[in-house]
2 protein chains.
Amino acid sequence: MNLNDRRVIKTKNIFHQTLLKLLKEKNLESISVSEICKIANVNRGTFYLHYDQKENLFEEYFMEVMKDLEKSYHGPYQDLSIQPHEIDPSSLRIFHHVKKYSDFYKIVFSNKASLSYYYLFYNKVKILLEEVLTMYKDDKLNIPLYSAYQANAVIGMIIQWVSNDFSYSLDYMNEQYAHFLKIDKFQLAKYHE
Amino acid sequence: MNLNDRRVIKTKNIFHQTLLKLLKEKNLESISVSEICKIANVNRGTFYLHYDQKENLFEEYFMEVMKDLEKSYHGPYQDLSIQPHEIDPSSLRIFHHVKKYSDFYKIVFSNKASLSYYYLFYNKVKILLEEVLTMYKDDKLNIPLYSAYQANAVIGMIIQWVSNDFSYSLDYMNEQYAHFLKIDKFQLAKYHE
DNA sequence: AATTTTATTAGACAGTTGTACATTAAAATA
DNA sequence: TATTTTAATGTACAACTGTCTAATAAAATT
C-alpha cells in the first residue's frame with residue numbers, strides 16, 4: 001500500500017472527514033464500519049484494506065493531535081498569556097493544548113473509550129515531562145516511575161477538568177497545579193510526626 | 001429479575017467462572033458472547049437477560065475486587081509488614097491490594113481495555129484518598145481537583161508497575177512514593193529561581 | 001500514449017450481535 | 001402439595017464483522 005498514491009490519500013481523507021462528522025453525533029462505539037463506508041461512499045473492503053478496525057482510523061487522527069501537542073510544547077510562547085517564569089510552563093502548555101482540542105479530549109476521556117488512546121496521550125505527556133525531570137541528579141530516584149507519577153497526576157487534573165466540561169480557567173488550572181506541588185511535601189511530613 | 005432466585009445465582013456463577021477461565025487464555029476483546037455461552041452451556045438469550053454486553057459481566061467481577069480494596073484499606077494492618085508510621089499507609093495498602101490481584105490489574109490496565117474500568121478503579125482510589133486529603137483546611141485548595149491529581153499520580157505508578165510485570169517490590173514502590181512527595185516541592189521552587 | 005501496476009469495487013461467505021416471542025422448566029408461594 | 005410466577009430455552013431475524021476472490025478503474029511507469 002503506497003501512502004503517496006493519490007487514490008490512497010483521497011480515500012483516507014474521506015474516511016477522516018466522515019469519522020469526525022459522525023463523532024459529533026455519537027460516540028465511536030456506536031458507529032459501525034458499515035455506516036462509515038456508506039456515508040463516505042467507499043467500499044467496505046477498502047476500509048479493511050487500510051484499517052483493522054474503526055479504532056485505527058481514529059488513531060490516525062489522534063496522531064495529528066499529538067503532533068500539535070509536541071509542537072505547542074516545544075514552540076514559542078505566542079498565545080500563552082502568562083510569563084514563563086511565573087508558573088511551571090510544562091503543565092501550562094499541556095493544559096493549553098487540551099483546551100484547544102477540548103472536543104477531541106472529551107472523546108479520549110469518555111467512559112467507553114479505549115485505554116489505548118489514554119496511553120497514547122499518557123506516553124506523550126510522560127516523554128515531554130521526562131525532558132524536565134531528567135535534570136534531577138538523584139541516585140535514589142527512579143526516573144521512569146517518577147515521570148509516570150507526574151504525567152498521570154497532570155492527566156488526573158485534566159480528567160477532572162473534562163468531567164466538569166472545562167469550567168476551570170487555564171490560569172486556575174495552573175495555579176492549582178503549582179499549589180499541589182507545594183503541599184505534597186507537607187502531606188508526607190504529617191505521617192512522620 | 002430477582003437476584004435471589006436460585007436460578008439467577010446459579011447462572012451468574014457459571015458466567016463468572018467461564019469468563020475468568022477464558023480471560024486466562026485471551027483478552028476480553030477477543031472473547032465473544034457466543035463463546036462464553038457455548039462454554040457455560042447457557043442459552044445466549046439468557047446472557048442478554050442479565051447483561052447488555054460481555055463488559056457488564058466483567059464489571060460484576062470488578063466490583064468484587066473493589067470491595068476487597070475497600071476492605072483492605074479500612075481493615076487492620078495484618079499482613080502488611082511495614083510499621084504504619086514509617087511510610088504513608090494509604091499508598092501502601094493500595095499497592096498491596098494491586099499486587100494481590102495482579103492478574104486482574106493486568107487486564108484492567110491492558111491496552112485494549114475500556115476506560116470505564118480505569119474510572120471504576122480511579123474513583124475508588126480517589127474516594128479513599130479524599131478521606132485523608134479533606135483534612136487540609138486550605139481555602140485556596142480545590143479538593144476534588146487535588147484528589148484527582150493524587151489518585152491518578154498513584155495510578156501512574158501502578159501503570160508503570162504493571163508494565164514491568166510487578167518487578168518492583170512493595171517496599172520499593174512505597175519508598176519511591178514517599179520520595180516523590182518530597183521532591184515535588186523542590187521542583188516547583190526551581191521555576192521561581 | 002501505451003503498458004504495467006495496484007487501489008478500489010462488487011459480491012459472497014461464515015460467524016457474531018442484539019432483539020423478539022412463544023414454549024418449557026424450575027423456583028417461589030399459597 | 002398444588003398453583004402461580006418467572007427464569008431459561010429454542011428459534012428466528014436483520015444487521016454488522018472480517019475475510020476472500022475476480023473484475024474494474026485509476027494511478028504510476030515506460
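Predicted model only: the values in this text are computed from it and were never measured.

How each quantity is defined
- Residues numbered from 1 in each chain as written.
- Chains lettered and ligands numbered in written order.
- Predicted model: local features only at pLDDT ≥ 70, side-chain atom pairs only at ≥ 80, totals over all residues.
- Heavy atoms only, no water.
- Helix = DSSP H or I, 4+ residues; strand = E, 2+ residues; numbered from the N terminus.
- Buried < 20%, exposed > 50% of the residue type's maximum accessible area, 1.4 Å probe, protein only.
- Contact = heavy atoms within 4.5 Å.
- Areas by Shrake-Rupley, 256 points an atom, 1.4 Å probe, with all protein chains shown as cover.
- UniProt positions renumbered as here; feature names shortened; annotations may be inferred.
- Near = heavy atom within 4 Å.
- Polar contact = N/O pair within 3.5 Å; in protein donor to acceptor, adjacent residues only side chain to side chain.
- Nonpolar A, V, L, I, M, F, W, Y, C, P; charged D, E, K, R; others polar.
- Axes fitted to C-alpha atoms, helices over the stretch in contact; angles between N-to-C directions.
- Left-handed = near helix turned anticlockwise from the far one by under 90°.

This next bit is on the overall build of chain A. Counting secondary structure elements, chain A contains nine helices and zero strands. When its helices and strands are written in sequence order, chain A yields α-α-α-α-α-α-α-α-α. For chain A, with 193 residues in total, the buried portion stands at 51%. Pairs at least 24 apart in sequence give 60% of the contacts found in chain A among residues at least 6 apart. Just so you have it, chain A exposes about 9600 Å², and 51% of that area is on carbon and sulfur atoms.

Bringing the side chain of Lys 12 of chain A into the picture now. All names here are of chain A. Examined against the element boundaries, Lys 12 turns out to sit in helix 1 (residues 6-23). In this structure Lys 12 comes out as buried when scored by relative accessible area, which is 12%. Excluding residues within four positions of it along the chain, Lys 12 makes contact with Leu 3, His 50, Tyr 51 and Glu 60.

Following the sequence through the fold, Lys 38 of chain B ends up in helix 2 (residues 33-40). When the C-alpha atoms of Lys 38 of chain B and Thr 18 of chain B are compared, they prove to be 9.8 Å apart, with 20 residues separating the residues in sequence.

Moving on: the UniProt feature "DNA-binding region" (unreviewed entry) in chain A. The positions that UniProt labels "DNA-binding region" (unreviewed entry) are, in the present scheme, residues 32-51 of chain A. The span residues 32-51 of chain A carries 75% helix and 0% strand; its end-to-end C-alpha distance comes to 13 Å.

With that out of the way, let us pick up the protein's contact with DNA strand D. Of all residues adjacent to DNA strand D, which total 19 residues, the nearest are Tyr 48 of chain A together with Arg 7, Thr 11, Thr 46 and His 50 of chain B. Among the atoms of DNA strand D close to the protein, meaning within 4 Å, 69% are from sugar or phosphate groups. Asn 2 of chain B places a polar main-chain atom, nitrogen or oxygen, 3.2 Å from a phosphate oxygen of DNA strand D. Within the contact set of DNA strand D, a phosphate oxygen lies 2.6 Å away from a side-chain nitrogen or oxygen of His 50 of chain B. Listing elements by their share of the surface near DNA strand D, those giving two or more residues are helix 1, helix 2 (33-40) and helix 3 (44-50) of chain A together with helix 1 (6-23) and helix 3 (44-50) of chain B. Per-class residue counts for the surface near DNA strand D are six nonpolar, seven polar and six charged.

A word on the packing of helix 4 (residues 54-74) of chain A against helix 5 (residues 89-100) of chain A. Residues and elements named next belong to chain A. It is the contact of helix 4 with helix 5, at a shortest axis distance of 9 Å, that shows an interaxial angle of 145°. Two packed elements cross with a definite hand, and for helix 4 against helix 5 that hand is right-handed. Note on element contacts: helix 5 touches helix 4 through Ser 90, Arg 93, Ile 94, His 97 and Lys 100, opposite Val 65, Asp 68, Leu 69, Ser 72, Tyr 73 and His 74. Tallied by class, the residues present in the contact of helix 4 with helix 5 amount to four nonpolar, four polar and three charged.

Another point: the interface of chain A and chain B. Counting residues at the interface gives 60 residues for chain A, matched by 60 residues for chain B. At the junction of chain A with chain B, the criterion picks out 25 residue pairs in polar contact (both at pLDDT 80 or more). Contributing elements (two or more residues each) for the side of chain A that touches chain B: helix 5, helix 7 (115-133), helix 8 (143-163) and helix 9 (170-190) of chain A. At 16 residues, helix 9 of chain A tops the list of elements feeding residues into the side of chain A that touches chain B. Taken together, the residues that form the side of chain A that touches chain B break down as 33 nonpolar, 16 polar and eleven charged.

This brings us to the protein's contact with DNA strand C. Within the structure, DNA strand C sits among 20 residues, and Arg 7, Thr 11, Thr 46 and His 50 of chain A together with Tyr 48 of chain B are positioned closest to it. Backbone sugar and phosphate groups make up 69% of those atoms of DNA strand C lying within 4 Å of the protein. Separating a phosphate oxygen of DNA strand C from a side-chain N or O atom of Arg 6 of chain B is a distance of 2.9 Å. The separation between a phosphate oxygen of DNA strand C and a polar side-chain atom of Tyr 48 of chain B is 2.7 Å. Looking at the surface near DNA strand C, the elements that each hand over two or more residues are helix 1 and helix 3 of chain A together with helix 1, helix 2 and helix 3 of chain B. Per-class residue counts for the surface near DNA strand C are six nonpolar, eight polar and six charged.

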